[in-house]
Amino acid sequence: MSEPRWDRLLLNATLASFEEDAQEPLIEGGAIGLHRGRIAWTGRMDNLPAAPDELAVTVESVDGALITPGLIDCHTHLVFGGDRAGEFELRLNGTSYEDIARAGGGIAATVSATREASEEQLYAQSVPRARALRADGATTLEIKSGYGLELETERRMLRVARRIGRDQSMTVRTSFLGLHALPPEYRDHREEYVTLVCDSILPELAAEGLVDAVDAFCENIGFSREEVRRLFERARQLGLPVKLHAEQLSDLDGAALVAEYGGLSADHLEYLGESGVRAMATAGTVAVLLPGAFHVLRETRLPPIALLRQYGVPMAVATDCNPGTSPMLSLRLAASMACTLFRLTPTEALRGVTVNAARALGLSDRGTLKTGQRADLVVWNARQPAELCYWVGGGLAHRIYVAGEPVSRRKPSRHLPNAS
Ligand code: DI6
Ligand code: FE
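Residues numbered from 1 in each chain as written. Chains lettered and ligands numbered in written order. Predicted model: local features only at pLDDT ≥ 70, side-chain atom pairs only at ≥ 80, totals over all residues. Heavy atoms only, no water.

**Observations concerning unusual backbone geometry**
Negative phi characterises most residues that are not glycine, and trans characterises most peptide bonds. The phi dihedral of Asp 63 is positive, around 55 degrees, even though this residue is not glycine. Tracing the sequence through the fold places Asp 63 in the loop between strand 4 (56–61) and strand 5 (66–69). If you check the backbone angles, Arg 343 has positive phi at about 65 degrees while not being a glycine. Examined against the element boundaries, Arg 343 turns out to sit in the loop between helix 13 (331–340) and helix 14 (346–352). A relative accessible area of 65% places Arg 343 in the exposed class. (Helix = DSSP H or I, 4+ residues; strand = E, 2+ residues; numbered from the N terminus. Buried < 20%, exposed > 50% of the residue type's maximum accessible area, 1.4 Å probe, protein only.)

This is the structure we're talking about:
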């Protein structure tokens, strides 16, 4: 008998590849070989080049279960101190998100709580959120800063994000969101704050290796196009890709701005118009749809899905996990809501949490089941992809592999007294 070639071989699978040019989008009676953290082979079991036991050290049957790439949550703010449940009640009683922000609540409230939290406390509060996302199938997360709005706390947030990536069997990509809100101490000094972020905080954190991309909140209650442009110029000098919270509450033409800088993504987009869609299509900028924030804010204006389709703009879907507008801990629920609220097809929504989400993060090594990709996979308690959007809530992920290794379900570390 020849030496086994692969570390692991999963048999009897229904494989949903999400590859653009896949000959068959769904393979039944499939097999997938994993070796050294990568996908070594996929296809029909009938076409395996030898007997399973000769091909791999470990051979397992998944009994017909659906296997997809590990899900990718390409927009979260999951590192933060405190919570804003009280504000949720205020909004239910009619106070708007903007009113709360103008009265010093909203993002500013989370900034105070985050500034007060130590690195250890922030880590302990954030890890259960990351683990909840992973438990429902996410193996790659983007995490933004933006609740510090000064060097020390922005650094602390990004360090916590990196640590989650190191310790929690998932990949974390960081985005620096220094232009998220004007910190209270700069209330009458907007320009100075923008200068501080562009000339000092961003370059310093980038030099420390804490920043994978640069983001901003382009909005009347956030920052203007001109202010965001200054930030993007600095990002360009530093060689960092950009993305933008754009057209969430009004149309400031932010999507066209981020497209002008070749941005990875424009996110939210309820108020996006046709010229912005066209600019995104030309630049290859991904539209990141965030139905959690739409739902929690009880927004009624829909992102222009028909135009995005018409212009061929790739659509991603993410949780936007944050304490204000989207305290959401399931990416599969976001995909489900993208279908029910935004009328994406299940296939569009699932491409949105896999291959297009990878693109929104500038990652080309994941998001499909193609040979050579990272072996981040989910074996689901489901037989067809639509079920992942159809079931609302509940734990559907049966087993999760990160870089070819099954994620252990052991009890979390001592940092997490209350988490399951
Ligand atoms: N848009 C959002 O949905 C989050 N940030 C942003 O710019 C909300 C952040 C928060 O309310 O804490
Ligand atoms: Fe956001």
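**A word on the site of ligand 1**
Lining the immediate surroundings of ligand 1 are 14 residues, of which Arg 84, Tyr 97, Tyr 147, His 180 and Thr 325 lie closest. Thr 325 places a polar side-chain atom, nitrogen or oxygen, 2.9 Å from an oxygen atom of ligand 1. When ligand 1 is considered free in solution it has 320 Å² of accessible area, and contact with the protein chains removes 100% of it. Applying the majority rule of atoms within 2 Å of the grid points places ligand 1 in the largest cavity. Residues of the shell around ligand 1, tallied by class, amount to four nonpolar, eight polar and two charged. (Near = heavy atom within 4 Å. Polar contact = N/O pair within 3.5 Å; in protein donor to acceptor, adjacent residues only side chain to side chain. Areas by Shrake-Rupley, 256 points an atom, 1.4 Å probe, with all protein chains shown as cover. 1 Å grid on protein atoms, 1.4 Å probe; cavity = no way out; pocket = protein on both sides within 12 Å on 5 of 7 lines; lining within 4 Å. Sits in = over half its atoms within 2 Å of the grid points. Nonpolar A, V, L, I, M, F, W, Y, C, P; charged D, E, K, R; others polar.)

**Describing the side chain of Thr 174**
Relative to the elements of secondary structure, Thr 174 occurs in strand 8 (residues 171–179). Within polar-contact distance, the side chain of Thr 174 engages the backbone oxygen of Leu 210 at 2.7 Å.

**Focus on empty space enclosed by the protein**
Inspection of the entire model under this criterion finds three cavities of 30 Å³ or more. In this structure, the largest cavity encloses a volume near 100 Å³. His 77, Tyr 97, His 180, Asn 322 and Thr 325 are the residues nearest the centre of the largest cavity, which is lined by 14 residues in total. When the residues that make up the lining of the largest cavity are grouped by side-chain class, the tally is four nonpolar, eight polar and two charged. (Points joined across faces, edges and corners; volume = space filled by probe spheres on them.)

**A word on the coordination of the iron ion (ligand 2)**
When four donors bind a metal tetrahedrally, each ideal donor-metal-donor angle is 109.5 degrees, and when six bind octahedrally, the ideal angles are 90 or 180 degrees. Bound to the iron ion (ligand 2) are the protein donor atoms His 75 (NE2), His 77 (NE2), His 245 (NE2) and Asp 320 (OD), situated 2.1 to 2.3 Å from the metal. Each of the four donor atoms bound to the iron ion (ligand 2) contributes to angles spanning 80 to 167 degrees, and the resulting shape is irregular. A relative accessible area of 3% means that His 245 is categorised as buried. Asp 320 gets classed as buried once you look at its relative accessible area, which sits at 1%. (Donors = N, O, S within 2.8 Å, 3.2 Å for Na, K, Ca; no water. Tetrahedral: all angles 85-135°; square planar, octahedral: opposite > 155°, others 65-115°.)

**Quick look at the sheet that holds strand 7 (residues 138–144)**
In space, the four strands of this open sheet follow the order 6-7-8-9, with parallel pairing throughout. Two strands bound the open sheet, and with one partner strand each, they are strand 6 (71–73) and strand 9 (213–216). This sheet shows a mean twist of 25 degrees between the axes of neighbouring strands, independent of strand direction. Pairing geometry for strand 7 and strand 8, over five bridges, is parallel. Directly across from Glu 142, in strand 8, lies its bridge partner Arg 173. Helix 6 (residues 151–167) contacts strand 7 and strand 8 of the sheet and is inclined by roughly 170 degrees relative to strand 8. Packing against the sheet, helix 8 (residues 225–238) makes contact with strand 8 and strand 9, and its axis sits at approximately 175 degrees to strand 9. (Pairing = 2+ DSSP bridges. Axes fitted to C-alpha atoms, helices over the stretch in contact; angles between N-to-C directions. Contact = heavy atoms within 4.5 Å.)

**With respect to helix 13**
Burial analysis of helix 13 places eight of its 10 residues in the buried class, the great majority of the element. Listed in full, the buried residues belonging to helix 13 are Leu 331, Arg 332, Ala 334, Ala 335, Ser 336, Met 337, Ala 338 and Cys 339. You can read the cap of helix 13 off the contacts: a side-chain oxygen lies 3.4 Å from the backbone nitrogen of Arg 332, and it is on Ser 330.

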